[in-house]
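Coordinates in review
Take a look at the letters that make up each chain.
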Number of protein chains: 2
Amino acid sequence: MRPQYDRNALPKATDAIPCDTCPVREISVCSILPREQRKQIALKSHNRHAAKGDVLAVEGDRAAQIASVTSGVIKMTKTLSDGRQQIVGLAFPSDMVGRPFATDNTVRVEAATDTTLCSFDRAHFEQLLKEHPAFEGLLLRMKLDELDAAKEWMLLLGRKSAKERVASFLSMLADRQLAPDGTRLPRTSPITFELPLSRAEIADYLGLTLETVSRQVSKLRELGVIVIEDGRTVSVPDRQKLAALSGN
Amino acid sequence: MRPQYDRNALPKATDAIPCDTCPVREISVCSILPREQRKQIALKSHNRHAAKGDVLAVEGDRAAQIASVTSGVIKMTKTLSDGRQQIVGLAFPSDMVGRPFATDNTVRVEAATDTTLCSFDRAHFEQLLKEHPAFEGLLLRMKLDELDAAKEWMLLLGRKSAKERVASFLSMLADRQLAPDGTRLPRTSPITFELPLSRAEIADYLGLTLETVSRQVSKLRELGVIVIEDGRTVSVPDRQKLAALSGN
DNA sequence: CGAGTGCTTGAGGGAAGTCAAGATTGGTGG
DNA sequence: CCACCAATCTTGACTTCCCTCAAGCACTCG
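**Details of the overall build of chain A**
In terms of regular secondary structure, chain A is built from seven helices and 12 strands. Overall, the C-alpha framework of chain A stretches about 55 × 40 × 30 Å when taken along its three principal axes. Here chain A holds 248 residues, and 52% of them are scored as buried. Contacts spanning at least 24 positions in sequence make up 72% of the contacts within chain A whose residues lie at least 6 apart. Accessible area of chain A: about 11,200 Å², with a carbon and sulfur share of 52%.

As structure tokens, this is what we get:
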């Protein structure tokens, strides 16, 4: 069965990178598995690269691949028939994308930035889950966390003001930044990072319009809560202050 | 450690009902397990009843129980510090409530109607998951479905108009109704059902105000898409027509 | 029968959306 | 290296949909 999207947009296979040098080896699904299991799992996976904008799957498409993000950011979107769009999830390094145990995708999967992935055929992946209950257990835990995050986002989409949404988004990004060695950073220190999304994409994530996002970013800048180094680079001198504007 | 909520509000233990007469035996988690495993699981569970309004857990509380809903509807809510509320999930018969593998609840759990539950201590439940990979696998599948539903809801909260939200909600309720024998109903036939939520609760679920919900329900009634038998009882003569107003 | 609760309807206001210029940025090729 | 073009972002003016506030209605229960 042919996929409906452009084959050229598919991520290209690259030379296999052993898990030992994987950028997220400390925090990915694989991290807590014993070396032996890890090796078996590595055999079934292959490293892929996706350029910004590459579409990995579309709504209604056959769900063929499951992957762990090793660098970059993947966005998952849903679209109404008249074109209104909503980003329903972002996958950062160590997160999984793809839908095990379903024949069809319910979301469009697209690279928000240049991305590297550790990818599995869905059938192989499901086989691994069956053979390694520890792996399945870990995936369950990850999905439970994802569900908690989704609920948090439902609160944002249902009840927060535009300013609170933008502040929450920036706060979330700050919290998800990784140190150069792939480990997580403390939750308090000042931080500078690249926005992985355009204003339009941020709007689609926050349930706003791009103009509203732009206005609210400007207001946060005027308040001194954030510093815009250039359009896409943001500094947060005091994360408490930003968090205070996030509602909650 | 004492729970922070009123002990009197806790569901009361009732006489054990064997799985063989469980109202959701055909569709619950347990349904596809072999009889032997089912028996072991039943040993660890107990039937409980919760009256409408009973609070089973609050945000920040220790996560102590996991339960399968056997009748009624449970709502899960999140609240901002200034009182704004959002319902982030409903659990219908055969759905699970509770958060395995986390010490604290991130949501408030409350009976939206009179409810019966098949309940487990969290520690026992986690033990069962460990001992029965098939059970764990099934829970994973359920949580993946729940995640899909959450994403669908994010689209609603982020992008749909008030009228589309109300139509989507009624459409979803119609789809989730069970026949008297506990099996699922066809997706097309005309249907009459009770709203499990008040106007205020519907508003909290849809990210609207209760006045807006009331107005939109009135408009759908004027359009002839729904018939209000009495304040809480709704008939949908043509479900296609209702679905057409849901956006998507 | 009156009080309480939940629901409906109306009038007015405000937060975010829409439409429309400009300003910046970044990529490309001369 | 710089100039140009397209894409992205910002800002402004106006509109709209939903929220807020308020009043009245329909049931239920003491």
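**A short note on the protein's contact with DNA strand C**
Near DNA strand C, the surroundings consist of 17 residues, among which Ala162 and Thr212 of chain A together with Arg199, Ser214 and Ser218 of chain B are the closest. For DNA strand C, the backbone portion of the atoms within 4 Å of the protein, that is sugar and phosphate, comes to 62%. Arg215 of chain A has a polar side-chain atom sitting 2.9 Å from a base oxygen of DNA strand C. Of all the secondary-structure elements, those providing two or more residues to the surface near DNA strand C are α6 (210-222) of chain A together with α6 (210-222) of chain B. In terms of residues, the surface near DNA strand C owes the most to one element, α6 of chain B, which gives six residues. Here the residues of the surface near DNA strand C are counted per class, giving three nonpolar, seven polar and seven charged.

**What about the interface of chain B and chain A?**
At the interface, 45 residues of chain B touch 45 residues of chain A. With both sides pooled, the region where chain B packs onto chain A buries about 4,200 Å², and carbon together with sulfur makes up 63% of that total. On inspection of chain B and its partner chain A, the count reaches 12 salt bridges. Residues Arg84 of chain A and Glu164 of chain B are paired through a salt bridge, measuring 2.8 Å at the closest nitrogen-oxygen approach.

**With respect to the sheet that holds strand β12 (residues 233-236) of chain A**
All names here are of chain A. Taken together, three strands build an open sheet; the order of strands is β10-β12-β11 and the sheet is antiparallel. Unpaired on one side and paired on the other, β10 (191-194) and β11 (227-230) mark the two borders of the sheet. Looking at each pair of strands side by side, their axes are set apart by 25 degrees on average, direction ignored.

**Comments concerning the protein's contact with DNA strand D**
Taken together, 17 residues sit near DNA strand D, with Arg199, Ser214 and Ser218 of chain A together with Ala162 and Thr212 of chain B positioned nearest. Within 4 Å of the protein, atoms of DNA strand D come from sugar and phosphate in 62% of cases. At 2.7 Å, a side-chain N or O of Ser214 of chain A approaches a phosphate oxygen of DNA strand D. Of all the elements in the fold, those that place two or more residues in the surface near DNA strand D are α6 of chain A together with α6 of chain B. If you tally residues by element for the surface near DNA strand D, the top one is α6 of chain A, at six residues. Looking at the surface near DNA strand D residue by residue, the classes come out as three nonpolar, seven polar and seven charged.

**Looking at the pattern of salt bridges**
The tally for this structure, following the rule as stated, stands at 29 salt bridges over all chains. A network of salt bridges, in which partner residues are shared, links Asp82 and Arg84 of chain A together with Glu164 of chain B.

**Examining the nonpolar core**
Within the largest apolar cluster, 100 residues are counted, with the highest numbers of intra-cluster contacts made by Phe169 of chain A together with Phe169 of chain B. Look past the residues within four positions of Phe169 of chain B in its chain and what remains in contact with it is Leu90, Trp153, Leu195, Leu197, Ile202, Tyr205 and Leu206 of chain B. Ranked by size, the runner-up nonpolar core spans 32 residues in total, among them Phe135 and Leu140 of chain A together with Cys118 and Leu144 of chain B.

**Some details on the sheet that holds strand β6 (residues 85-91) of chain A**
Residue and element names in this part refer to chain A. If you trace the four strands from one edge of the open sheet to the other, you get β3-β8-β5-β6, paired in antiparallel fashion. Strands at the two margins of the open sheet, each flanked by one partner only, are β3 (55-57) and β6. Recorded for the sheet is a direction-independent mean angle of 30 degrees between the axes of neighbouring strands. With four bridges joining them, strand β5 (residues 74-79) and strand β8 (residues 108-111) adopt antiparallel strand pairing. Looking across to β8, one finds that Lys75 is bridged to Glu110. Sitting on the sheet, helix α5 (residues 199-206) is in contact with β5 and β6, with an inclination near 95 degrees to β6.

**As for the relation of the copies chain B and chain A**
Rotating chain B by 180 degrees about the axis while translating it 0.0 Å along that axis superimposes it on chain A, leaving an RMSD of 0.0 Å. In symmetry terms, the pair is related by a two-fold rotation axis. Comparing interface residues between copies, 100% of those in chain B also sit at the interface in chain A, which points to an isologous, same-surface contact.

**Observations concerning the pairing of strand β4 (residues 65-71) of chain B**
For a regular strand, side-chain orientation follows a simple rule: the groups alternate between the two sheet faces. All names here are of chain B. Most of β4 is tucked away: five of the seven residues are buried. Bridging between β4 and strand β9 (residues 115-121) involves six bridges; their strand directions are antiparallel. Within β9, the residue paired with Val69 across the bridge is Leu117. As paired strands, β4 and strand β7 (residues 96-97) are joined by two bridges and run antiparallel to one another. Considered in β7, the bridge of Ser68 is made with Met96.

**Structural notes on α5 of chain A**
Most of α5 of chain A is tucked away: six of the eight residues are buried. Every buried residue of α5 of chain A is listed here: Glu201, Ile202, Ala203, Asp204, Tyr205 and Leu206 of chain A. Buried residues belonging to α5 of chain A abut β5, β6, α3 (133-159), α4 (162-176) and α6 of chain A together with α3 (133-159) of chain B. Of the residues one or two after α5 of chain A, Gly207 of chain A is the one with positive phi, at around 70 degrees.

**Regarding the pairing of strand β10 (residues 191-194) of chain B**
All names here are of chain B. Burial along β10 is one-sided: Ile191 and Phe193 are buried, and none of Thr192 and Glu194, which face the opposite way, are. Two strands pair when backbone bridges link them, and β10 and strand β12 (residues 233-236) are joined in this way by four bridges, in the antiparallel orientation. Paired with Glu194 across the bridge in β12 is Thr233.

Cut-off values and rules
Residues numbered from 1 in each chain as written. Chains lettered and ligands numbered in written order. Predicted model: local features only at pLDDT ≥ 70, side-chain atom pairs only at ≥ 80, totals over all residues. Heavy atoms only, no water. Helix = DSSP H or I, 4+ residues; strand = E, 2+ residues; numbered from the N terminus. Buried < 20%, exposed > 50% of the residue type's maximum accessible area, 1.4 Å probe, protein only. Contact = heavy atoms within 4.5 Å. Areas by Shrake-Rupley, 256 points an atom, 1.4 Å probe, with all protein chains shown as cover. Near = heavy atom within 4 Å. Polar contact = N/O pair within 3.5 Å; in protein donor to acceptor, adjacent residues only side chain to side chain. Nonpolar A, V, L, I, M, F, W, Y, C, P; charged D, E, K, R; others polar. Buried area = accessible area lost by both parts, 1.4 Å probe. Salt bridge = Lys/Arg side-chain N within 4 Å of Asp/Glu carboxyl O. Pairing = 2+ DSSP bridges. Axes fitted to C-alpha atoms, helices over the stretch in contact; angles between N-to-C directions. Core = buried A, V, L, I, M, F, W, Y, C linked by side-chain atoms within 4.5 Å. Least-squares fit on C-alpha atoms with pLDDT ≥ 70 in both.

As far as function goes, none of this settles anything; it's purely spatial.
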